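# Notes for the structure review
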Amino acid sequence: MAVNPLLGNLNFDAIKGSIKEHLKQQDALLDYDFEGSALSALLDVLAYNTMYYAYYANMVASEMFLDTAQRDESIISLVKPLGFVVPGKTSARGKGKIRVGGQAYGRVPKYTKFTGTDNSGIVYDFYTIQEYSLDLDGEAIVSLSEAKTLTKEQPLLIDMETQKGFISGIETDINTLTVEVWDDTINDETGQQYGWREWTRASNVETGLNDSSRVYWLERSELGFFVVFGGNLGGQTVTQVGQSISEGQQVRVTYLTSSGQDGNNVGNFQIQTSGQLGLASVDTVSLSSGGRDKPDIEMIRFFAPKWFAAQDRAVTVDDCRAMLAKNGFVGGDQDPYAQFNVWGGEEMDPPRYGRLFVTLADTAESDPVAASTAIEILEKKTCVSILPEFVNPVTYQVRIAGNVTWEPLRTTSSRAQLQNIIAQTLYDAYPQRFSQIITGADVAERINRIDTALSALSSDLNITLTSDSVPEETGRLKTIQFKNKCEAGTLISDSFTAHSSLDVDEPVYLYIPDDAPLKYDGSQPIRARYYASGLMVDLGLFGKFFPERGLVEFSNKALSAEPVKISVQPADSSQYWNLKENMMPSLIVDITLVR
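The sections below set out a description of the structure shown in this document. Because the structure is a prediction, the values reported are computed rather than measured.

As a further point, take unusual backbone geometry. Its identity as a non-glycine residue notwithstanding, Glu153 has a phi of 55 degrees, on the positive side. Residue position: Glu153 is located in strand β7 (residues 149-155). Note on Glu153: relative accessible area 38%, which makes it partly exposed. For Glu581, which is not glycine, the phi dihedral falls at a positive 55 degrees. Assignment of secondary structure puts Glu581 in the loop between β33 (577-579) and β34 (583-594).

To continue, consider the sheet that holds strand β19 (residues 355-360). Spatially, the three strands line up as an open sheet ordered β18-β19-β20, and their pairing is mixed. Sheet topology places β18 (340-344) and β20 (387-390) at the edges, where each strand pairs with a single neighbour. Between one strand and the next, the sheet's axes are offset by a mean angle of 20 degrees, whatever the strand orientation. Examined bridge by bridge, β18 and β19 share five bridges and lie antiparallel to one another. Directly across from Val342, in β19, lies its bridge partner Val358.

Summed over the entire model, instances satisfying the criterion amount to 23 salt bridges. As a salt-bridge pair, Arg252 and Glu180 come within 2.9 Å of each other at their nearest N and O atoms. Taken together, the residues span a long stretch of sequence, with Arg252 in strand β15 (residues 251-257) and Glu180 in strand β9 (residues 172-186) at a distance of 72 residues. Several salt bridges share partner residues, and in doing so they unite Lys97, Arg99, Glu139 and Asp283 into one network.

This part takes up helix α8 (residues 440-448). Those residues of α8 that sit buried are Gly440, Val443, Ala444 and Ile447. Buried residues along α8 cover an arc of 95 degrees about the axis, so they all sit on one side. Looking at the buried side of α8, the elements it contacts are β21 (394-406), α7 (415-429), β22 (436-438), β23 (454-455) and β24 (461-469).

The next subject is the nonpolar core. Residues Val443, Leu465, Phe482, Leu491 and Leu510 are the most contacted members of the largest nonpolar core, which totals 48 residues. Beyond its immediate stretch of four places on either side in the chain, Phe482 contacts Tyr396, Leu465, Thr466, Ser467, Gly550, Val552, Ile566, Val568 and Met583. Judged by nonpolar contacts, the second largest core, of 18 residues, contains Ile158, Leu177, Tyr216 and Val227.

Turning our eyes to something else, we now look at the side chain of Asp183. Within the element layout of this structure, Asp183 appears in strand β9. A distance of 2.6 Å separates polar atoms of two side chains, one belonging to Asp183 and the other to Thr185. When neighbours within four sequence positions are excluded, Asp183 is seen to be in contact with Gln193, Tyr194, Gly195, Arg197 and Arg214.

With respect to the element layout, Val589 can be found in strand β34. Residue classification places Val589 among the buried residues on the basis of a relative accessible area of 18%. The spacing of Val589 and Ala401 is 188 residues in sequence and 6.2 Å in space, taken between C-alpha atoms. Non-local contacts of Val589, meaning those with residues more than four positions away in its chain, are made with Ile400, Ala423, Leu426 and Tyr427.

What the six strands build is an open sheet, ordered β16-β3-β4-β6-β1-β17; its pairing is antiparallel. Single-partner strands in this sheet number two, and they are β16 (267-271) and β17 (281-289). Strand after strand, the sheet turns through a mean of 35 degrees between neighbouring axes, direction not considered.

With that settled, the discussion passes to the packing of aromatic side chains. To describe a pair of aromatic rings, you give the distance between the ring centres and the angle between the ring planes. Inspection of the entire model under this criterion finds six aromatic pairs. Here Phe126 and Phe269 contribute two aromatic rings whose centre-to-centre distance is 5.1 Å and whose plane-to-plane angle is 75 degrees, an arrangement assigned as edge-to-face. Of the two residues, Phe126 is situated in strand β4 (residues 123-127) and Phe269 in strand β16; the sequence distance between them amounts to 143 residues. Accessibility assignment for this pair places Phe126 and Phe269 in one class, buried. Look at Trp343 and Phe357: their rings are 5.9 Å apart centre to centre, the planes differ by 15 degrees, and that puts the pair in the stacked class. Linking Trp343 in strand β18 with Phe357 in strand β19, this pair joins segments that are 14 residues apart in sequence. This pair shows no difference in class: Trp343 is buried, exactly as Phe357 is. Above the plane of the ring of Phe226 lies Lys164, whose end atom (NZ or CZ) is 5.3 Å from the centre. Sitting over the ring of Phe546, Arg549 keeps its end group 5.5 Å from the ring centre.

In terms of burial, β19 is largely enclosed, as five of its six residues are buried. With four bridges connecting them, β19 and β20 associate as parallel partners. Bridge pairing in β20 places Phe357 opposite Glu389.

This part covers a nonpolar patch on the surface. Taken together, the side chains of Tyr53, Tyr56, Val60, Met64 and Phe65 make up a nonpolar region of the molecular surface, amounting to roughly 600 Å² of accessible area. Its place among the elements puts Tyr53 in helix α2 (residues 37-63). Classification of Tyr53 by relative accessible area gives exposed; the value is 60%.

Definitions and limits used
- Residues numbered from 1 in each chain as written.
- Predicted model: local features only at pLDDT ≥ 70, side-chain atom pairs only at ≥ 80, totals over all residues.
- Heavy atoms only, no water.
- Helix = DSSP H or I, 4+ residues; strand = E, 2+ residues; numbered from the N terminus.
- Buried < 20%, exposed > 50% of the residue type's maximum accessible area, 1.4 Å probe, protein only.
- Pairing = 2+ DSSP bridges.
- Axes fitted to C-alpha atoms, helices over the stretch in contact; angles between N-to-C directions.
- Salt bridge = Lys/Arg side-chain N within 4 Å of Asp/Glu carboxyl O.
- Arc of directions from axis to C-beta.
- Contact = heavy atoms within 4.5 Å.
- Core = buried A, V, L, I, M, F, W, Y, C linked by side-chain atoms within 4.5 Å.
- Polar contact = N/O pair within 3.5 Å; in protein donor to acceptor, adjacent residues only side chain to side chain.
- Phe/Tyr/Trp six-rings, centres within 6.5 Å; stacked < 30°, edge-to-face > 60°.
- Lys NZ or Arg CZ within 6 Å of the ring centre and 35° of its normal.
- Patch = residues over 30% accessible without salt bridge, like charges linked within 9 Å, V, L, I, M, F, W, Y side chains within 5 Å.
- Areas by Shrake-Rupley, 256 points an atom, 1.4 Å probe, with all protein chains shown as cover.

Structure (structure tokens):
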């Protein structure tokens, strides 16, 4: 007798039908009515039981793997062996410029309190989590971290057997945590007790530890965080995992409790302290951002394996990215490349061997602390022969223009509605982030998926790259790098002010002559012109354009020290742009619907 399989589709009706067909083939049940109420009820129970168990087994299996797990508890458990600590809430961070005025020397102490106000008038507390020095003008740009509460120098009870202490609540921003241990040994230099000494947070892949290493580990639980010390395993001393806490030794912690994403978009910072700083004014440099209520699971999946593969060292570029991510250089917009990028000097034109470059969304001038911290992290973990260097981000305007065929009878949306949807779709697809590739084919495909009434062809699109920055001085030249192969003869500029030595009051424009061939070095001449009384006046040679390298060179005396908008076209009809290294795009959409 043939036996039908009981399981195929896990849908309830399919399971019930499969069981029914199986029973109908049994000799003992040939005369039974399987649609009768009694047997039908039993079949319902069997089908429900099978479906529930299959669903449960599927969920259990999914939660066992990092790629498919959904529950926070599963993610915490899976990345723990990788040495990656899943954060709880993350504080929003803003920047303010404090002005004491006339103070040649001074400082902004750690944990100085500020307040900020959002658009609804709700007031939030902010703190500095490090000390800042005032410059000679009595000014300093400070980074401010939002906090519902500041827990300062709170005693931490340590279980001597497990060497663990517990910080209750997942609202703790672990990036602000400071752990201090009382040390009553004598300092050989001063002859006095050390007193409170800050210990360093270590990872599960830390190397080079011994019984005198002042380190601790963090472990996440559903209810909070464990601070774990080493050197003691069930009463036995283990010298390779750091120094243990002895009986009666005091431990204290300081940290901020975060409001999460509620603390975003807060400004109008005001200092809340007494004394000389109480008279200071504060200018808002940037609104608070980056506050998160919970970690993004996709970012954990992305970074945790890379962090483990790096083994607390930075050999490859991915190691360096994982190292920065582990230390908090991750944006709050679910995008691992939104806030920073790392690349090797061998990838540059011309190559700079032995160099490692890092860029952040903020410049070194707007956030000097973040820039220096990123370099310091990489200096400690990279090879001795590799020199990390910070490079400011450069914004490039990416203009997507062209015609898209529109058939009104095939859609209920109006022309204006479709144009708005196209613009928003492209803005979402190409946000301000590092490491992006934009092609005409990809743009056309995204537009065509919006509505069946739309028909976009990459050949009808034009993607222009524009640099809007002060040319960088390199020796005797000023340069702009588009870092992509460009179409020869396509370089143009908006109007700009010429160098004072040229004695030209009219707006000046750059262009490539129509008949300019490529020279032996692969360059084309860049000339300048202006218009006086309706007549064009040529100012002569201003520089060279190397389309194959995407490089523009100017004479130092040709341009004033102002931003110059220079635009180029991609080298082929595919409209391909690779926005790499420190290139940060700013998108402009100019799509026209035509019948």
